[in-house]
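# Observations on chain architecture
The residues making up each chain are set out below.
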Amino acid sequence: MSDVDESARLWKVNRTIHELVKDRGFQVSDEEINMDLHTFRQTYANSSGSVDRNQLNFFTNSQANPMEQIFVFFSDEKSVGVKTMRKMLSILEEKSIQRGIIVFPGNMTPSARKVIVAMASQYRLEEFSESDLLVNIVHHTLVPKHEVLSPEDKKLLLDKYRLKETQLPRIQLADPVARYYGLRRGQVVKITRPSETSGRYASYRICF
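As a starting point, this report considers the structure included with it. Note that this is a predicted model, so its numbers are computed, not measured. (Residues numbered from 1 in each chain as written. Predicted model: local features only at pLDDT ≥ 70, side-chain atom pairs only at ≥ 80, totals over all residues. Heavy atoms only, no water.)

Take helix 1 (residues 3–23) next. Taking 1.5 Å of rise per residue, 21 residues should cover 30 Å, and helix 1 covers 30 Å from first to last C-alpha, within 8% of that figure. In the stretch just after helix 1, G25 is the one whose phi turns positive, near 95°. (Helix = DSSP H or I, 4+ residues; strand = E, 2+ residues; numbered from the N terminus. Expected span 1.5 Å × (residues − 1).)

In structure tokens:
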């Protein structure tokens, strides 16, 4: 892949990951999301047109709780291994951040994935390949609007319809939309679809 092609690819990836973080309720500037390709190359590419992925790393605060932060780490390693995960964890530890997302150009080794599981009690780590982020799936016309319910809204929903959690339809943890919003087991999403008769209708799914 040429540097020109790769910079265009990373421009799309960078935009989607900023949209993802914003959709989760974290502070992201519109300038970062709306940055055009020319500006992206001017900002992040060197004279030969190659983008240093380390420059794309960023962290930001939750809008609802400024004490909650998330760190997005771009790996330049094609196949992410334990060494890269340790590097990311050292940054999280240094900055006292509990949530991290790693974005990588190729794949992740089984050993690296084990690190995510092993550190789950201390850090909430997620992983996305760059190919996952070339297109923002929630902007697709066939994907209805999803909203993650707060614990309070979830309780109100169950009480209103006299439901148990087990009676709700399910959305899998590995579902692309669930991954986009960072859903955890037990969280409920409200899905709003257009309806020919009533304008729109809402359904609910619980993540498992």
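That was the structure; now back to the text.
To continue, consider the nonpolar core. Within the largest apolar cluster, 33 residues are counted, with the highest numbers of intra-cluster contacts made by I17, L20, V21, F40, V72, I101 and V103. For this core, the secondary-structure elements that each account for two or more residues are helix 1, helix 3 (37–44), strand 2 (69–74), strand 4 (99–104), helix 7 (176–181) and strand 9 (188–195). Top element by residues in this core is helix 1. It accounts for six residues. With residues near it in sequence (within four places) discarded, V21 still touches F26, V28, F58, T60, I70 and V72. Residues F71, M85, M108 and L125 belong to the second largest nonpolar core, which totals 18 residues. (Core = buried A, V, L, I, M, F, W, Y, C linked by side-chain atoms within 4.5 Å. Buried < 20%, exposed > 50% of the residue type's maximum accessible area, 1.4 Å probe, protein only. Contact = heavy atoms within 4.5 Å.)

Right, let's talk about the pattern of salt bridges for a bit. Tallied over the full model, the rule gives eleven salt bridges. We note a salt bridge from K22 to D30, for which the minimum N-O separation is 2.8 Å. Looking at K22, the relative accessible area reads 31%, which means it is partly exposed. Residue K155 pairs with D159 through a salt bridge whose shortest N-O separation is 2.9 Å. Here K155 pairs with D159, and both are found in helix 6 (residues 151–161), just four residues apart, close to one helical turn. Of the residues examined, D159 reaches a relative accessible area of 45% and is grouped as partly exposed. Through salt bridges with shared partners, a single network forms among E6, R9, R53 and E130. (Salt bridge = Lys/Arg side-chain N within 4 Å of Asp/Glu carboxyl O.)

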